[in-house]
Amino acid sequence: MADETGRLVWSGRTFWTRAIDLQALWEDLDCDPAELTAVMEPTRNAWAPVAAWFKRRGAKVVLVPTTQSADLRDYYSKHTKNDRLDSAVLARLPLLHPEGLRTHVGEGPGDPLRRATKQRSSIMKRRSAIFARIDALLELLGPGWYEELGTDYGNASLHLLASYGDPRSLLRLGRGRLAQFLIRHSHGQWRHDKADHLLAVARASVELWDGDGIDLGQLGQDLAIEAEQALMLTGQVRALDTRIAGLYAALDPAQIARTAPGVGPVLGAAITARLGDPHRFASLAAIRSYSGLVPRVSQSGQAEHHGGSTKAGDPLVRQSLWMAADMARRADPQLATTYVRLMNAGHHHDTAICHVATTLLTRLAACLRTGTNYVIRDIGGTPITEAQGRAIVKIHHQVDPDIRKKNARGRNRARLKHRTSRVS
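Residues numbered from 1 in each chain as written. Predicted model: local features only at pLDDT ≥ 70, side-chain atom pairs only at ≥ 80, totals over all residues. Heavy atoms only, no water.

Asker: Give a description of the pattern of salt bridges that names residues and reports values.
Answerer: Overall, the coordinates contain 12 salt bridges when judged by the stated rule. A salt bridge links Arg175 to Asp196; its shortest N-O distance comes to 2.6 Å. Remark: Asp196 occurs in helix H10 (residues 192-209) and Arg175 occurs in helix H9 (residues 175-185); sequence separation between them is 21 residues. Given the relative accessible area of 41%, Arg175 is considered partly exposed. Classification of Asp196 by relative accessible area gives partly exposed; the value is 31%. A salt bridge links Glu386 to Arg390, with the shortest nitrogen-to-oxygen separation between them at 3.1 Å. Taken together, the residues span about one helical turn, with Glu386 and Arg390 both in helix H17 (residues 386-396) at a distance of 4 residues. Exposure remark for Arg390: the relative accessible area of 34% places this residue in the partly exposed category. (Salt bridge = Lys/Arg side-chain N within 4 Å of Asp/Glu carboxyl O. Helix = DSSP H or I, 4+ residues; strand = E, 2+ residues; numbered from the N terminus. Buried < 20%, exposed > 50% of the residue type's maximum accessible area, 1.4 Å probe, protein only.)

Listed below in structure tokens is the structure:
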């Protein structure tokens, strides 16, 4: 604890995040809550109950980015990080860098919507990895399986692989029972014609290996394990979608985030939850910096160098904005103009989408701060509908395919320059 001059009053106090320990700590402070500022570094989630405890008693709680505290820690000592040094750095931070402090608002990791959106993102990544492994296993059986099942495996496909991954068991099942199985798990979308196609693919797989070179039974068991995991994760995603919809409706009753083009129920909930209260940022520029989509800038004298995106802040916000921007530039003529201009200037698709994402975030944050809906406008500023915007973009704001290929080749050449050659 430091006073207004930066002198440490007392330090080295350790405690558990229990009510009795926090009450004893509060009594030892013995100061006016209005004059107390608790500076914390958000490592893991141990800080959250302590922050809530101080906030309920009228103290000001400030969170410090870990990169900022690390830089100040290096200034004080060149030795290994330790908690005693951290406490001294954080206690003096209001004097060393007062403009870098921001009051903590919200519940942080205690917010259920914030946790639910992160869980959904993690589950989707795990399921995508499982789908990739299923692709690799089906490749052993021949290309016909891709044509019949696709690569975005639905409920019927996963149940089929979980029960009859071995093509020989599929043949033993027969046309009638297979059709009934497909009708039940696809809700009537797949019927006898799909059963005929699958049986033909299974025969081709058996003929391909002809009982030699691979154990189809073991391969079927591997497919069953992967498919069962994918089914379990799919069920968890559905449950999370229902839960997220209810939490998001309570957080944003007016559904302002969803009025932006390209922002659906999943992305709207993720952006709103992970961004937090938009009023906690000093400006819209601060919100853009938090997203990590802005480029790095290095200045020295008259030299100025712009690098890649900083990738600071919440990764899920950045991912959600990128996905929303890729859809929004197809419906908003103003965003499409930005995208086409950057592509014509030789930028890669990913770079152009990052620029569009920062513009979309700025507009969306302004709408959340003012409580107004997002309005799609044409180049002249006239409000239009999303359908009209898509028609305008399709006619007037398309990138020449040759330019797109040229930009992609330029990115590939730049990547190859950093690879190790055969001679090296």
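Text resumes after the structure shown.
Asker: Outline the nonpolar core, supporting the account with residue identities and numerical values.
Answerer: Within the largest apolar cluster, 77 residues are counted, with the highest numbers of intra-cluster contacts made by Ile134, Leu138, Leu149 and Leu178. The element that contributes the greatest number of residues to this core is helix H16 (residues 349-370), accounting for 11 residues. Core analysis: the next-biggest nonpolar cluster, separate from the first, contains 16 residues, Leu22, Met40, Trp47 and Val61 among them. (Core = buried A, V, L, I, M, F, W, Y, C linked by side-chain atoms within 4.5 Å.)

Asker: Residue-level account of the packing of helix H11 (residues 216-251) against helix H12 (residues 265-275), with values.
Answerer: Between H11 and H12, whose axes approach to 10 Å, the crossing angle comes to 55°. On the basis of the axis angle, H11 is oblique to H12. Of the two possible hands of crossing, H11 and H12 adopt the one that is left-handed. Contact residues: Asp241, Ile244, Tyr248 and Leu251 in H11; Val266, Gly268, Ala269, Thr272 and Ala273 in H12. By residue class, the composition of the contact of H11 with H12 is 6 nonpolar, 2 polar and 1 charged. (Axes fitted to C-alpha atoms, helices over the stretch in contact; angles between N-to-C directions. Parallel < 35°, antiparallel > 145°, perpendicular 65-115°, else oblique. Left-handed = near helix turned anticlockwise from the far one by under 90°. Contact = heavy atoms within 4.5 Å. Nonpolar A, V, L, I, M, F, W, Y, C, P; charged D, E, K, R; others polar.)

Asker: Describe the environment of Arg404, naming the residues involved and giving the relevant values.
Answerer: For Arg404, the location among the structural elements is in helix H18 (residues 401-417). Here the alpha-carbon distance between Arg404 and Asn344, two residues 60 residues apart in the chain, equals 8.4 Å. Those residues within four positions of Arg404 in sequence are excluded, and the remaining contacts are Arg329, Tyr339, Met343, His349 and Val399.

Asker: Go over the side chain of Lys194 with me, naming the residues and quoting the values.
Answerer: Along the chain, the position of Lys194 falls in helix H10. According to the relative accessible area criterion, Lys194 is buried, its value standing at 13%. Among the polar contacts listed, one links the side chain of Lys194 to the backbone oxygen of Glu148, at a separation of 3.1 Å. Dropping the residues within four chain positions of it, Lys194 is found in contact with Glu148 and Leu182. (Polar contact = N/O pair within 3.5 Å; in protein donor to acceptor, adjacent residues only side chain to side chain.)

Asker: Give me the lowdown on the pairing of strand S2 (residues 60-63), citing residues and values where you can.
Answerer: Bridging between strand S1 (residues 37-40) and S2 involves 4 bridges; their strand directions are parallel. Paired with Val39 across the two strands is Val62, which belongs to S2. Crossover S1 to S2 through helix H2 (residues 47-56) is right-handed. (Pairing = 2+ DSSP bridges. Right-handed = clockwise from strand over helix to strand, strands pointing away.)

Asker: Describe in detail the packing of aromatic side chains, supporting the description with residues and values.
Answerer: Counted under the stated rule, the structure contains 4 aromatic pairs. Their ring planes at 55° and their centres at 5.4 Å tell us that Phe281 and Tyr290 sit as a pair that is tilted. Taken as a pair, Phe281 and Tyr290 share a single burial class, namely buried. Between the NZ or CZ atom of Lys194 and the centre of the ring of Trp190, over which it lies, the distance is 4.7 Å. Stacked on the ring of Tyr339, the Lys or Arg Arg329 has its end atom at 4.2 Å from the ring centre. (Phe/Tyr/Trp six-rings, centres within 6.5 Å; stacked < 30°, edge-to-face > 60°. Lys NZ or Arg CZ within 6 Å of the ring centre and 35° of its normal.)

Asker: Could you give an account of the packing of helix H5 (residues 112-141) against H11, naming the residues involved and the relevant values?
Answerer: In the contact formed by H5 and H11, the axes pass within 8 Å of each other and the chain directions differ by 155°. Taken as axis vectors, H5 and H11 run roughly antiparallel relative to one another. Taken as a pair, H5 and H11 cross one another with a handedness that is left-handed.

Asker: I'd like to hear about unusual backbone geometry, residue by residue, with values.
Answerer: Residues other than glycine seldom take positive phi values, yet His187 does so here, at roughly 55°. For His187, the location among the structural elements is in the loop between H9 and H10. For Gln255, which is not glycine, the phi torsion reads 55° and is therefore positive. Along the chain, Gln255 turns up in the loop between H11 and H12.

Asker: Describe a positive patch on the surface, listing the residues and the values that go with them.
Answerer: On the surface, Lys405, Lys406, Arg409 and Arg413 cluster together into a positively charged patch. As for its position among the elements, Lys405 is in helix H18. (Patch = residues over 30% accessible without salt bridge, like charges linked within 9 Å, V, L, I, M, F, W, Y side chains within 5 Å. Areas by Shrake-Rupley, 256 points an atom, 1.4 Å probe, with all protein chains shown as cover. Lys, Arg positive; Asp, Glu negative; His and termini not counted. Charge placed at Lys NZ, Arg CZ, Asp CG, Glu CD.)

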